[in-house]
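An overview of the molecular structure
So the chains spell out like this:
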Amino acid sequence: MRQPLIAGNWKMNGTRASAESLIQGVLKGSSGIAKTDIAVCVPFVFLELGQRMLSGSPVRLGAQNVCTEASGAYTGETSAGMLNEFGCRYVICGHSERREYYGETDAIVAKKLTMVASAGMTPILCVGETLEQREQGFMETVIASQIDAIIGANGIESFGQIEIAYEPVWAIGTGKTATPEQAQDVHAFIRARIAEHDAAIAEKVRVLYGGSMKPSNAAELLAMADIDGGLIGGASLVAEDFLAICQAGDAAA
Ligand SMILES: O=C[C@H](O)COP(=O)(O)O
């Protein structure tokens, strides 16, 4: 049994004041969560706040992106070493919004995973298909190629140090959620793909679901055998909703 992980991805939302009150709210409710790992992946500018407020608590801090390089003349970028220094435990890599709006390829994502892992943090590798790809019957091809690219570049052992998030692009921020069965099928497919290389790693790796997960659908998604948690966008911006999803994680654990 894999311990669930519920990670909030705040994306580019919030003000200093709202970030502070959201962290406070999550902290307050987190004492009631016993069997689920909890993380909040905040915008870079709120990392210092997160580090200070979350220190000594069970809620872990995460970032949403990282540079492919360790240091140097890369204007506007943030290195894995910097994120580590600010207390990050997790870094989201290859989110579909980064792939779509900032041209992140599998090769770039593979480099980011390496940087994060070598700095001692845990990458959350996002994979997922668009609606068009699903409707044309390419869902498995797309997911397999995203997973295979990382195995090819970083080796199967790298999956021993990462979390995976399956995020169907058509379900992100749309209110349209994959059914528990649709999500379970893809999660099982991802695990099987990894198992072709290493059964022990496949058994251990956590595969989170992301895409309009909310209090009303979290329990049924998290009840599925291969769904080990969630990467939560919109619902992570409201402490009560995020905590309700964490409670569903506890119930499923
Ligand atoms: O990283 C989180 C996902 O993109 C899901 O976002 P959402 O929960 O707003 O659909």
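Numbering of residues begins from 1 in every chain and follows the order in which that chain's sequence is written. Only residues with pLDDT of at least 70 get local features here, since the model is predicted, and only at 80 or more are side-chain atom pairs given and counted; chain-wide, interface and lining totals rely on the full set of residues.

By the naming in an unreviewed UniProt entry, the protein is Triosephosphate isomerase, taken from Allochromatium palmeri. UniProt positions are given in the numbering used here, feature names are shortened, and annotations may be inferred rather than shown by experiment. In its Subcellular location (unreviewed entry) section, the UniProt entry covering the protein states "Cytoplasm". What UniProt states about the protein under its Sequence similarities (unreviewed entry) heading is, verbatim, "Belongs to the triosephosphate isomerase family."

Let's shift gears to the UniProt feature "active site" (unreviewed entry) in the protein. As recorded in UniProt, the feature "active site" (unreviewed entry) lies at His-95 and Glu-167. These annotated residues cover 73 residues of sequence, and their C-alpha atoms all fall within 8.4 Å of one another, placing them together at a single site. A run of DSSP states H or I qualifies as a helix once it reaches four residues; a run of E qualifies as a strand once it reaches two. Both are numbered from the N-terminal end. Relative to the assigned elements, His-95 resides in the loop between β4 (88–93) and α4 (96–101). Throughout, a pair of residues is in contact if the C-beta atoms placed from their backbones lie within 7 Å. Excluding residues within four positions of it along the chain, His-95 makes contact with Gln-64 and Cys-126. Here Glu-167 lies in the loop between β6 (163–166) and α8 (180–195). Three classes are used. A residue is buried when 20 or more other C-beta atoms lie within 10 Å of its own, exposed when 12 or fewer do, and partly exposed in between, with C-beta atoms placed from the backbone. The exposure class assigned to Glu-167 is buried, which follows from the 27 C-beta atoms found within 10 Å.

Attention shifts here to the site of the ligand. In the vicinity of the ligand there are 14 residues, among which Asn-9, Ile-172, Gly-210, Gly-233 and Gly-234 approach most closely. Three categories are distinguished: nonpolar for Ala, Val, Leu, Ile, Met, Phe, Trp, Tyr, Cys and Pro, charged for Asp, Glu, Lys and Arg, and polar for the others, with Gly belonging to the last. Its residues placed into classes, the shell around the ligand shows five nonpolar, eight polar and one charged. Working rule for contacts: place C-beta from the backbone, and if it is within 6 Å of a molecule or strand, that residue counts as near it.

Let us look at α8. End to end, α8 covers 22 Å across 16 residues, agreeing with the expected 22 Å (1.5 Å per residue, within 8%). Regarding α8, the residues found buried are Ala-183, Val-186, His-187, Ile-190 and Ile-194. Summarising the axial view, the buried residues of α8 lie within an arc of 100°, below the 170-degree limit, and thus occupy one face. In this structure, the buried residues of α8 make contact with α7 (139–154), β6, α9 (199–204), β7 (207–209) and α10 (215–222). By this rule the span expected of a helix is its residue count minus one, scaled by 1.5 Å. In this context, the arc is that of the directions from the helix axis out to the C-beta atoms.

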